Amino acid sequence: MTAQQGHTADRATTAPPVTTAAAAREHARSVVRQRWDSASRTAREEDVVDLLLVVSELVTNAIRHGDGLAAFEVALAQDGVRLTVHDNSDAVPDVAYGRGELPSVGHGQGYGWPLIIRLAREIVIDPRPGGGKSISVLVPLRARP
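Let us look at the structure shown here. Predicted model only: the values in this text are computed from it and were never measured. (Residues numbered from 1 in each chain as written. Predicted model: local features only at pLDDT ≥ 70, side-chain atom pairs only at ≥ 80, totals over all residues. Heavy atoms only, no water.)

**Observations concerning the nonpolar core**
- Membership of the largest hydrophobic core comes to 34 residues, with the highest contact counts inside it found for Phe 72, Leu 83 and Val 137.
- Of all elements in the fold, only helix H1 (21-36), helix H2 (45-65), strand E2 (69-77), strand E3 (80-87), helix H3 (112-119) and strand E5 (133-140) reach the threshold of two or more residues within this core.
- If one sorts the elements of this core by residue count, H2 sits on top with 8 residues.
- Each residue touching Leu 83, except ones within four places of it in the same chain, is listed here: Leu 51, Val 54, Val 55, Leu 58, Phe 72, Glu 73, Val 74, Ile 135, Ser 136, Val 137 and Val 139. (Core = buried A, V, L, I, M, F, W, Y, C linked by side-chain atoms within 4.5 Å. Buried < 20%, exposed > 50% of the residue type's maximum accessible area, 1.4 Å probe, protein only. Helix = DSSP H or I, 4+ residues; strand = E, 2+ residues; numbered from the N terminus. Contact = heavy atoms within 4.5 Å.)

Pasting the structure below:
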């Protein structure tokens, strides 16, 4: 059975070479439309918007702060979409395991990680063999009523 039927996680889909947040968003949206949506369910648009925000933040962070994007994967899960972003930096952001509080004005921290923390679940950061790290998150999806 597939994740579309709601029983198990689906295999990860590596995007065609993704070099921008826009390409990653397009790939994630296409996976939802082609493999999560079905005749009996369609993802709520607000959940897809949340997914695309998380994709943008993760990919942009990898490009700007992670010494470049090494890979981007999308996998279906029973209750949403698992995103995995691989970058080339061993550094883990200080705020990665925070509570999702928005930064105070002028304190140098951006809104990216707080958004990720608020919109995603099961945030896991693992070192990659040979250097760099992988960041995996689950973004919940609900079916339209």
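**A look at H1**
- Taking 1.5 Å per residue as the helical rise, H1 with its 16 residues ought to reach 22 Å, and the 21 Å between its terminal C-alpha atoms agrees with that figure.
- Listed as buried for H1 are Ala 21, Ala 24, His 27, Ala 28, Val 31, Val 32 and Trp 36. All buried residues of H1 lie within an arc of 135 degrees about the axis, which places them on one face of the element. Turned more than 90 degrees away from the buried face of H1, the exposed residues are Glu 26 and Gln 34. (Expected span 1.5 Å × (residues − 1). Arc of directions from axis to C-beta.)

**Quick look at the packing of H1 against H2**
- Direction vectors running N to C along H1 and H2 enclose 145 degrees, while the axes themselves pass 9 Å from each other. For the element pair H1 and H2, the recorded crossing hand is right-handed. For the pair formed by H1 and H2, the contact residues are Ala 21, Ala 24, Arg 25, Ala 28, Arg 29, Val 32 and Arg 33 on the first element and Glu 45, Val 48, Leu 51, Leu 52, Val 55, Ser 56, Val 59 and Thr 60 on the second.
- Broken down by class, the residue content of the contact of H1 with H2 amounts to 9 nonpolar, 2 polar and 4 charged. (Axes fitted to C-alpha atoms, helices over the stretch in contact; angles between N-to-C directions. Left-handed = near helix turned anticlockwise from the far one by under 90°. Nonpolar A, V, L, I, M, F, W, Y, C, P; charged D, E, K, R; others polar.)

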